[in-house]
Structures are given as C-alpha cells and as structure tokens.
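Each chain, letter by letter, is given below.
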Amino acid sequence: MSKFKTPILFIGIMFAAMLIAACGESESSKAADIREENLEVVSRFIEEFKNNTNHGIVDELMTPNFVHHLTDPRLPAGRDGIKALGQVIVAAFPDVHASVQDLIADGDKVIERTQTSATHTGEFNGIPPTGKQVGWTEIHIYRLEGGKIAEQWSEIDLLGLLVQLGAIPGA
C-alpha cells in the first residue's frame, strides 16, 4: 500500500493546483469581462450623449443616485445636472464632437481623455456667439456599479476655451 501513497499524493497536489489555477483564471476572466463592459458603457455614453446629443441616454446608463462631482452650483445634482450641462453645451456649440484619445479601465473605474471640437454659434456662459471654431480637452473619471455609471469627476479646459472665445486675454 505504501508504494501508492506517493503517486496518489502527487495526483492530489496536481489536482489542487489545477483547481487553484482555474479559479484564478475565472476571477481574472471575470475582471476582464467587467472592464470590457465598463468600457462599453462609457463609450456608449460618449457617443450618444456627447456626439449625438441624446441626453435621454443618461437615464439608461447612469444609476438613479448618480453623483457628478461638479463645482457649478447653477446645475442641479445627479442625472438632471448632467442633462442640463449637455443642453447648455449643445445650445452654444451645436456641432460639438468629442474624439476619445484614451479610454482606460481599471476595476470599477474608467478614465476618458478627450479632445473636443465645436463651433460657437450660441451664447455660452454669458458670451455671445462668436462663430469661432474652438477646441478643448476633457478628462473624466467614471465609477461604475452594476453596469451603470454611478459617479463622475471631470476636468475640462475651460480657461483654454474662454481664451479662444475672446472672453479672457491670451498669453
């Protein structure tokens, strides 16, 4: 009987190693699937909300308790604030187009770096239409939960935009 202990022990160790590896692959695969799903949600938001001015998509892609960490007290909180911001941008820049430069997912977060271009044909922040072609950069961080955007942080080059519009003198 003792001559079988070593092979049985070896087979047991190999089986345990295969189970551990399979579990690790499964968790890794699941994390990759979630990252891909999160990238798809944010990509859809960018295309629909920013480029197609479909502001109704907010209700579909964002959680009911969505939080945008805006510093503008003129905008309502939550999903209504994002919709209002979208409407303000489209009223001033109806041909706005966001070109994604980077879209990176890590865990429950997606980071977007975008170059935006538009023509200033409507009032923006008290600035009358100039007809100028303008561009600005944006960086957004989204936190997703359950396949929906739950939080968003944004950094937008408003200074560069205001200089282009002539509201602030350039260098």
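Shown above is the structure to which this text applies.
Given the structure is predicted, the values throughout are model-derived calculations rather than measurements.

Looking at the nonpolar core
Moving on, step 1. Among the nonpolar cores identified, the biggest contains 18 residues, and Val42, Phe45, Met62, Ile82, Tyr142, Leu144 and Ile149 are the most heavily contacted of them.
Moving on, step 2. Among the elements of the structure, α1 (2-51), α2 (57-61), β1 (62-68), β2 (97-106) and β4 (133-145) are those that each provide at least two residues to this core.
Moving on, step 3. No other element matches α1, which puts six residues into this core.
Moving on, step 4. Contact partners of Ile82, with chain neighbours within four places excluded, come to Phe45, Phe49, Val58, Met62, Phe66, His68 and Gln152.

Considerations on the side chain of Lys50
Moving on, step 1. Within the secondary structure layout, Lys50 lies in helix α1.
Moving on, step 2. Judged by its relative accessible area of 13%, Lys50 is buried.
Moving on, step 3. A distance of 3.2 Å separates a polar atom in the side chain of Lys50 from a polar atom in the side chain of His140.
Moving on, step 4. The residues contacting Lys50, other than those within four sequence positions of it, are Phe45, Val96, Ala98, Glu112, Thr114, Glu138, His140 and Tyr142.

Describing the environment of Ile156
Moving on, step 1. Along the chain, the position of Ile156 falls in strand β5 (residues 148-156).
Moving on, step 2. Here the alpha-carbon distance between Ile156 and Thr137, two residues 19 residues apart in the chain, equals 6.1 Å.
Moving on, step 3. Excluding anything up to four places from it in sequence, Ile156 contacts Trp136, Thr137, Glu138 and His140.

Parameters at a glance
- Residues numbered from 1 in each chain as written.
- Predicted model: local features only at pLDDT ≥ 70, side-chain atom pairs only at ≥ 80, totals over all residues.
- Heavy atoms only, no water.
- Core = buried A, V, L, I, M, F, W, Y, C linked by side-chain atoms within 4.5 Å.
- Buried < 20%, exposed > 50% of the residue type's maximum accessible area, 1.4 Å probe, protein only.
- Helix = DSSP H or I, 4+ residues; strand = E, 2+ residues; numbered from the N terminus.
- Contact = heavy atoms within 4.5 Å.
- Polar contact = N/O pair within 3.5 Å; in protein donor to acceptor, adjacent residues only side chain to side chain.

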